[in-house]
Amino acid sequence: MTAKPAADSDAALKQVWGAEKYEKNARFVSDMTSEVVNWLAPKPGERILDLGCGDGALTEKLVAAGAVVTGADNSEALLSAARKRGLDVHFKDGQALDYGPEFDAVFSNAALHWMTKAEDVVKGVARALKKSGRFVAEFGGHGNVAAIVTALRATAIRYGKDPALAAGWFYPTPAEYRALLEANGFSVERIGLFPRPTPLPTGMRGWLSTFRESYFEQWPETQREQILSELETLLAPALRDKAGNWTADYVRLRVAAVRE
Ligand code: BEZ
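Residues numbered from 1 in each chain as written. Predicted model: local features only at pLDDT ≥ 70, side-chain atom pairs only at ≥ 80, totals over all residues. Heavy atoms only, no water.

Draft legend 1. Local environment of the packing of aromatic side chains. In total, this model carries 14 aromatic pairs according to the counting rule given. With a centroid separation of 5.1 Å and an interplanar angle of 70 degrees, the aromatic rings of Phe139 and Tyr177 are classed as edge-to-face. Of the two residues, Phe139 sits in strand β5 (residues 129-140) while Tyr177 sits in helix α9 (residues 174-182), which places them 38 residues apart along the sequence. Residues Phe139 and Tyr177 agree in their burial class; the two are buried. (Phe/Tyr/Trp six-rings, centres within 6.5 Å; stacked < 30°, edge-to-face > 60°. Helix = DSSP H or I, 4+ residues; strand = E, 2+ residues; numbered from the N terminus. Buried < 20%, exposed > 50% of the residue type's maximum accessible area, 1.4 Å probe, protein only.)

Draft legend 2. Region of interest: the pairing of strand β4 (residues 103-109). Within β4, six of the seven residues are buried, leaving the element largely enclosed by the surrounding structure. Pairing between strand β1 (residues 47-51) and β4: three bridges, direction parallel. Residue Asp50 lies in a different strand from β4, and its bridge partner there is Phe107. For the handedness criterion, the β-α-β arrangement of β4, helix α7 (residues 118-128) and β5 is classed as right-handed. (Pairing = 2+ DSSP bridges. Right-handed = clockwise from strand over helix to strand, strands pointing away.)

Draft legend 3. Main features of the sheet that holds β5. Strand order in the open sheet made by the seven strands is β3-β2-β1-β4-β5-β9-β6, with mixed pairing throughout. Taken across any chain shown, the strands that pair with only one partner, and hence form the sheet edges, are β3 (89-91) and β6 (186-195). In this sheet, adjacent strand axes meet at a mean angle of 15 degrees when their direction is disregarded. Pairing geometry for β6 and strand β9 (residues 251-259), over nine bridges, is antiparallel. (Axes fitted to C-alpha atoms, helices over the stretch in contact; angles between N-to-C directions.)

Draft legend 4. The pattern of salt bridges, seen in detail. By the definition in use, this model includes 14 salt bridges. Between Glu76 and Arg83 there is a salt bridge, and its shortest N-O distance comes to 3.7 Å. On the accessibility criterion, Glu76 (44% relative accessible area) is partly exposed. Across the pair Lys123 and Glu119 runs a salt bridge whose closest N-O atoms are separated by 3.6 Å. Here Lys123 pairs with Glu119, and both are found in helix α7, just four residues apart, close to one helical turn. Overlapping salt bridges, with partners in common, bring together Asp55, Glu60 and Arg85 in one network. (Salt bridge = Lys/Arg side-chain N within 4 Å of Asp/Glu carboxyl O.)

Draft legend 5. Molecular detail of the side chain of Glu46. Looking at the element boundaries, Glu46 is found in the loop between α4 (34-40) and β1. In this structure Glu46 comes out as buried when scored by relative accessible area, which is 9%. In this structure the side chain of Glu46 is engaged in a polar contact, spanning 3.0 Å, whose partner is the backbone nitrogen of Lys43. Ignoring sequence-local partners within four residues, the contact set of Glu46 consists of Ala41, Ala67, Val68, Asp104 and Arg134. (Polar contact = N/O pair within 3.5 Å; in protein donor to acceptor, adjacent residues only side chain to side chain. Contact = heavy atoms within 4.5 Å.)

Draft legend 6. Highlighting the site of the ligand. Taken together, His113, Trp114, Asn144, Trp169, Tyr171, Trp207, Phe211, Tyr250 and Arg252 form the complete shell of residues around the ligand. For the ligand, an oxygen atom lies 3.5 Å from a polar atom in the side chain of His113. Between an oxygen atom of the ligand and a side-chain N or O atom of Asn144, the distance comes to 2.7 Å. Residue composition of the shell around the ligand, by class: six nonpolar, two polar and one charged. (Near = heavy atom within 4 Å. Nonpolar A, V, L, I, M, F, W, Y, C, P; charged D, E, K, R; others polar.)

Draft legend 7. Quick look at the packing of helix α8 (residues 146-158) against helix α12 (residues 221-239). Taken N-terminus to C-terminus, the directions of α8 and α12 make an angle of 145 degrees; their axes are 10 Å apart at the nearest point. The two elements α8 and α12 meet at a crossing, and its hand is right-handed. Note on element contacts: α12 touches α8 through Ile227, Glu230, Leu231, Leu234, Leu235 and Leu239, opposite Ala147, Ile148, Ala151, Leu152, Thr155 and Arg158. (Left-handed = near helix turned anticlockwise from the far one by under 90°.)

Draft legend 8. A look at helix α10 (residues 203-211). Across the nine residues that make up α10, a large majority, seven, are buried. Of the residues making up α10, those classed as buried are Gly203, Met204, Gly206, Trp207, Leu208, Thr210 and Phe211.

Draft legend 9. Up close: the environment of Val149. Within the element layout of this structure, Val149 appears in helix α8. The class of Val149 is buried, set by a relative accessible area of 12%. In sequence terms Val149 and Ala164 are 15 residues apart; their C-alpha atoms lie 9.7 Å from each other. Residue contacts for Val149: discarding those within four places in its chain leaves Ala166, Ala167 and Trp169.

Draft legend 10. Geometry of the pairing of β5. Across the 12 residues that make up β5, a large majority, nine, are buried. With six bridges connecting them, β4 and β5 associate as parallel partners. In the sheet register, Val106 faces β5, and the bridge partner there is Phe135. Direction of pairing for β5 relative to β9: antiparallel, over a ladder of seven bridges.

Structure, rendered in structure tokens:
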């Protein structure tokens, strides 16, 4: 069957965040973060911007370390959950940050792969940092969720749907991201790719229905259950163990850089 034309990257990344759905299906995003927080090493009293703070679960940990933290996100639903934790958070497009040089550090976990205008992000982070300020981030790197995306693409092509709706995230290699940072006034201290097999507490269905809604909207509602089952069948040999537990093939890019 002929595949439909590629969606633009905005359509591929259309994502509506619901705080409850996120809590149920994606809490692991903030739970598996100790190493990137170690790289940040937040200090009492310093000002930190948490870019893509989501519902604030991790922002709270930075506050607990004594830092003065500002959160920024582009989901009102998640910001409202963060405000319930008493956090100082603001609606911002991470691709158009308008902060001056006021932060000692910019931190970001599991957010930058949603922001495909990566150069605009890096420029905004550079503007927000004081001289010698740190930029510490972890997000999806090259090869992230490769098996899942391949299964989604193959299924879309088989049904004559748009394979571009399978993905569209920004998953750079360390070399690409280092070059982007260096071109924008950063000196990279540490950068690497880390495979991080990630258990999915609500299975592949929970993950797909949380993160790939726009992909499934290509099918009538009555057919979506069948498509989900076919995807599970394709992915089970790689990502489901004998006891029925699912693990996603996450690969993280972790970076620590300094504003020159
Ligand atoms: C990630 O954290 O790598 C991720 C989360 C949702 C969709 C895709 C990737």
